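# Commentary on secondary and tertiary structure
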Amino acid sequence: MYPIEIVAPMSQDLTAFGFKSLATPEQVIEALDQTTGTTMIVVNSVCGCAAANARPGAKMALQGAKKPDNLVTVFAGVDQAATAKAREYLLPYPPSSPSIALFKDGKLVHFLERHHIEGRSAEIIAENLKMAFERYC
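Bear in mind that the values here come from a model prediction, so they are computed numbers and not experimental data.

Conventions used here
- Residues numbered from 1 in each chain as written.
- Predicted model: local features only at pLDDT ≥ 70, side-chain atom pairs only at ≥ 80, totals over all residues.
- Heavy atoms only, no water.
- Helix = DSSP H or I, 4+ residues; strand = E, 2+ residues; numbered from the N terminus.
- Rg over C-alpha atoms; globule rule 2.2 N^0.38 Å.
- Buried < 20%, exposed > 50% of the residue type's maximum accessible area, 1.4 Å probe, protein only.
- Contact = heavy atoms within 4.5 Å.
- Lys, Arg positive; Asp, Glu negative; His and termini not counted.
- Charge placed at Lys NZ, Arg CZ, Asp CG, Glu CD.
- Salt bridge = Lys/Arg side-chain N within 4 Å of Asp/Glu carboxyl O.

Below, the discussion takes up the overall build of the protein chain. Regarding its fold elements, the protein chain presents 6 helices and 5 strands. Rg of the C-alpha trace for the protein chain: 13 Å, near the compact-globule value of 14 Å for 137 residues, within the 12% margin. Taking the principal axes of the C-alpha coordinates as reference, the protein chain spans close to 40 × 30 × 30 Å. Counting the 137 residues in the protein chain, one finds 46% classified as buried. Restricting to contacts in the protein chain with at least 6 residues of sequence separation, those with at least 24 account for 72%. Charge centroids of the protein chain, computed over 13 positive and 14 negative side chains, lie 5 Å from each other.

Proximity of charged atoms lets side chains of opposite charge pair with each other. Under the counting rule described, the total for this entry stands at 5 salt bridges. Across the pair D13 and R55 runs a salt bridge, and its minimum N-O distance is 3.0 Å. Of this pair, D13 sits in helix α1 (residues 4-15) while R55 sits in helix α3 (residues 48-61); the two residues are 42 residues apart in sequence, bridging distant segments of the chain. Classification of D13 as partly exposed rests on a relative accessible area of 24%. Residue E127 is joined to K130 by a salt bridge in which the shortest nitrogen-to-oxygen separation is 3.7 Å. You can see E127 and its partner K130 sitting in helix α6 (residues 122-136), 3 residues apart, about one turn around the helix. A relative accessible area of 45% places E127 in the partly exposed class. A cluster of three or more residues bridged by salt bridges with shared partners is formed by D13, R55 and K59.

Now the structure itself:
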């Protein structure tokens, strides 16, 4: 577990942009069991690739015309039970943080694992997500 005073600004980077923070397994279930519409979830992290690539890329992707109906986030290493529940929805992919997933009508349709994020620019991540939004949103 990371001290809340250290991760608060990293968490607020997304929540200030309109993402809803999910802190409990029940909140994750409510958010990801949506049977209509689209939901993007960011598994946030304290690592450098989350700060430089994942969070900025996710926010840049939302500047386009098409975007998910719902934006949510869990914070790995902080909200452990919520993150564990979110990762159940991300199977068969292994745990990965940071990561970004898109759900449509309750089904996982697009997923960026850490290895898709690490070493890629925020712009490349944003373009990848925009293509998924065009297809599914």
